[in-house]
Amino acid sequence: MPDRKLTVLLADDDEVYVLCYKVCLEDAGFEVITAKTRFELLDYAPMTQALVVDACLPSLEMEGIEAVAELLDENQIGGPRIAADVPIIFNSGYGEDTPTVRDKLRGYPVLANRYEWVCKDGEIEVLIDAINRLRRRRRR
């Protein structure tokens, strides 16, 4: 039986980025679902096996970091909305070491050791490698 494609949720408000990365991820063998609103992100995330989320998403009515933390919240009815083995990649034009980003991440301990940070100006291969690496690590 052939392997089922890994479904990646790509959440970003930059349409050019979404179109380019969607094509590249599909060419790499992934199925891609896109989200442009907070509601789409929260609705589609449970159906995917990997998340690629822009850390700063004003169109989501909350930051991408905050939205992912909401998906992982164990205090909500039914528990977290995504499984523990779902790779989470924050893809942003900001570096993870930016003071604002560090402060935001510190505010969500549920994210500790759950994500990888990939800068948008990097090569698509870096993003693909991060998805695959986190997926392998989470399966162990």
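Predicted, not measured: the structure shown is a model, and the values here were computed from it. (Residues numbered from 1 in each chain as written. Predicted model: local features only at pLDDT ≥ 70, side-chain atom pairs only at ≥ 80, totals over all residues. Heavy atoms only, no water.)

A. Representation of the pairing of strand 2 (residues 31–35) within the structure. Here strand 1 (residues 7–11) runs beside strand 2; their pairing, made up of five bridges, is parallel. Counted as the bridge partner of Leu10 is Thr34 from strand 2. You can see the chain leave strand 1, run along helix 1 (residues 15–27) and come back into strand 2, and the turn it takes is right-handed. (Pairing = 2+ DSSP bridges. Helix = DSSP H or I, 4+ residues; strand = E, 2+ residues; numbered from the N terminus. Right-handed = clockwise from strand over helix to strand, strands pointing away.)

B. Examining unusual backbone geometry more closely. The phi angle at Asn113 is positive, at roughly 60°, despite the residue not being glycine. Topologically, Asn113 is positioned in the loop between helix 4 (99–106) and strand 5 (115–119).

C. Representation of the sheet that holds strand 2 in the model. Pairing in this open sheet of five strands is parallel, and the strands run 2-1-3-4-5 from one edge to the other. The sheet terminates laterally at strand 2 and strand 5, the two strands that pair on one side only. When strand polarity is set aside, the average angle formed by the axes of neighbouring strands in this sheet is 20°. Against the sheet, helix 3 (residues 64–72) contacts strand 3 (50–53), strand 4 (88–92) and strand 5, and its axis sits at roughly 170° relative to strand 4. (Axes fitted to C-alpha atoms, helices over the stretch in contact; angles between N-to-C directions. Contact = heavy atoms within 4.5 Å.)

D. Representation of the pattern of salt bridges. Summed over the entire model, instances satisfying the criterion amount to six salt bridges. Here Asp12 ties to Lys120 by a salt bridge, and the two come within 2.7 Å at their closest N and O atoms. A residue pair is termed long-range when its members are at least 10 positions apart, and Asp12 in the loop between strand 1 and helix 1 and Lys120 in the loop between strand 5 and helix 5 (124–139) qualify at 108 residues. Relative accessible area serves as the criterion here: at 2%, Asp12 is assigned to the buried category. The salt bridge involving Lys22 is made with Glu26; its shortest N-O contact spans 2.6 Å. Within this pair, Lys22 and its partner Glu26 are both found in helix 1, separated by four residues, close to a single helical turn. (Salt bridge = Lys/Arg side-chain N within 4 Å of Asp/Glu carboxyl O. Buried < 20%, exposed > 50% of the residue type's maximum accessible area, 1.4 Å probe, protein only.)

E. Fine view of the packing of aromatic side chains. Tallied over the full model, the rule gives four aromatic pairs. Ring centres of Phe90 and Trp117 lie 5.8 Å apart, and the angle between their planes is 45°; this geometry places the pair in the tilted category. Pair noted here: Phe90 is in strand 4 and Trp117 is in strand 5, with a separation of 27 residues, a long-range link. Owing to a relative accessible area of 0%, Phe90 belongs among the buried residues under this scheme. Cluster of aromatic residues (ring-pair linked, three or more members): Phe90, Tyr115 and Trp117. (Phe/Tyr/Trp six-rings, centres within 6.5 Å; stacked < 30°, edge-to-face > 60°.)

F. Region of the structure containing the nonpolar core. Formed by 25 residues in total, the largest nonpolar core has its most connected members in Leu51, Phe90 and Leu111. Mapped onto this core, the elements with two or more residues apiece are strand 1, helix 2 (38–44), strand 3, helix 3, strand 4, helix 4 and strand 5. The element contributing the most residues to this core is helix 3, with six residues. Judged by nonpolar contacts, the second largest core, of 19 residues, contains Tyr17, Leu25, Val118 and Ile131. (Core = buried A, V, L, I, M, F, W, Y, C linked by side-chain atoms within 4.5 Å.)

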